[in-house]
Amino acid sequence: MFFLQSLFDLTENLLGDSINHFPLIELIFYSLDQALFYFIFWAIGRSLYLFIRKKKQLPIKIRREVILNLFVFYLILLIHLTVFREENSIGNVAVTLRSLDQINWTPFVHTFKLTQGVTLFDYYYNLYGNILWFIPMGFGAAYLTTKRHYFFKTLLLGSVVSFSIETMQFLFHTGVADIDDLIFNTIGTLVGLILFEACQWMFYKVKGIKKKKNQLR
């Protein structure tokens, strides 16, 4: 790790023996560390772009820039959590030809099998984890997408990103390609979209109330 090794070592010493699924904590630390590393390159490029816009006296929307940067960091983190994890990285993976029979094509079969395990942790993580990890996708993409047909565009983007992840997992042999993941990821994107709609409604509701109060003064 480049940035989080000391913090990870401290966490491992304190919690390593008490948490049964500590490898998941390790994966999150590793993925965060890799995401920070690659995000630096994005941040440098984006800063140069904004510098040029400022020189040309073009408008810069601060809130949009904050959301955009958070969304890019989230995407990088998501890729490392799902594809380039553990010892795998962009530089050392290779395409492995495998039979398409190794893809879980039938919906919910694999998820149901997880309920038969010793614990239900894998089941809960597979179901709720796949939904939760894609909620930021729905929220962030809805904000950044143009208003015209943004609902459909956001859902499509979430599905395409999920499909791309499953494809890379299959090609690079870094995970199990599963139709359930695609379904749950799309549901997560939809939940994020609904949250965005709710936040947008509340924003305009509050804004409208303040406007009415100002008109009464």
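Predicted model only: the values in this text are computed from it and were never measured.

This part is about the overall build of the protein chain. Scanning the protein chain for helices and strands turns up eight helices and zero strands. Principal-axis analysis of the C-alpha atoms places the extent of the protein chain at approximately 65 × 40 × 35 Å. The long-range fraction of contacts in the protein chain, counting pairs at least 24 apart against all pairs at least 6 apart in sequence, stands at 76%. With the model as given, the accessible surface of the protein chain reaches about 14,400 Å², and the carbon-plus-sulfur share is 68%.

Another point: a negative patch on the surface. Side chains of Asp9, Glu12, Asp17, Glu26, Glu86 and Glu87 sit close together on the surface and give a patch of like negative charge. Locating glutamate 12 in the fold gives a position in helix α1 (residues 5–15).

Note that an α-helix has 3.6 residues per turn; residues three or four places apart therefore point the same way. Taken across its ten residues, helix α6 (residues 135–144) has seven buried, putting it largely inside the fold. Every buried residue of α6 is listed here: Ile135, Met137, Gly138, Gly140, Ala141, Ala142 and Leu144.

How two aromatic rings sit relative to each other is given by the distance of their centres and the angle of their planes. What the rule picks out here adds up to 16 aromatic pairs. Ring centres 5.9 Å apart and planes at 35 degrees place the aromatic pair phenylalanine 8 and phenylalanine 22 in the tilted group. Linking phenylalanine 8 in helix α1 with phenylalanine 22 in helix α2 (residues 22–55), this pair joins segments that are 14 residues apart in sequence. The exposure classification of phenylalanine 8 matches that of phenylalanine 22, with both residues buried. Following the ring pairs from residue to residue traces out a cluster consisting of Phe2, Phe3, Phe37, Tyr38 and Phe41. Directly above the ring of phenylalanine 203 sits arginine 63, whose terminal nitrogen or CZ lies 5.8 Å from the centroid.

Here the focus is unusual backbone geometry. Positive phi is not limited to glycine here, since histidine 149 has a value of about 60 degrees. Mapped onto the secondary structure, histidine 149 falls in the loop between α6 and α7 (150–172). Backbone geometry at histidine 173 places phi at a positive 55 degrees, although glycine is not the residue there. Inspection of the secondary structure assignment puts histidine 173 in the loop between α7 and α8 (179–216). Classification of histidine 173 by relative accessible area gives partly exposed; the value is 46%.

This paragraph deals with the packing of α6 against α7. For the pair α6 and α7, interaxial distance at closest approach is 9 Å and the crossing angle is 135 degrees. As judged from the angle between their axes, α6 and α7 are oblique. Taken as a pair, α6 and α7 cross one another with a handedness that is right-handed. Facing α6, whose interface residues are Met137, Gly138, Ala141 and Ala142, α7 presents Tyr150, Thr154, Leu157, Gly158 and Val161. For the contact of α6 with α7, a count of residues per class yields six nonpolar, three polar and no charged.

Reading guide: rules and limits
Residues numbered from 1 in each chain as written. Predicted model: local features only at pLDDT ≥ 70, side-chain atom pairs only at ≥ 80, totals over all residues. Heavy atoms only, no water. Helix = DSSP H or I, 4+ residues; strand = E, 2+ residues; numbered from the N terminus. Contact = heavy atoms within 4.5 Å. Areas by Shrake-Rupley, 256 points an atom, 1.4 Å probe, with all protein chains shown as cover. Patch = residues over 30% accessible without salt bridge, like charges linked within 9 Å, V, L, I, M, F, W, Y side chains within 5 Å. Salt bridge = Lys/Arg side-chain N within 4 Å of Asp/Glu carboxyl O. Lys, Arg positive; Asp, Glu negative; His and termini not counted. Charge placed at Lys NZ, Arg CZ, Asp CG, Glu CD. Buried < 20%, exposed > 50% of the residue type's maximum accessible area, 1.4 Å probe, protein only. Phe/Tyr/Trp six-rings, centres within 6.5 Å; stacked < 30°, edge-to-face > 60°. Lys NZ or Arg CZ within 6 Å of the ring centre and 35° of its normal. Axes fitted to C-alpha atoms, helices over the stretch in contact; angles between N-to-C directions. Parallel < 35°, antiparallel > 145°, perpendicular 65-115°, else oblique. Left-handed = near helix turned anticlockwise from the far one by under 90°. Nonpolar A, V, L, I, M, F, W, Y, C, P; charged D, E, K, R; others polar.

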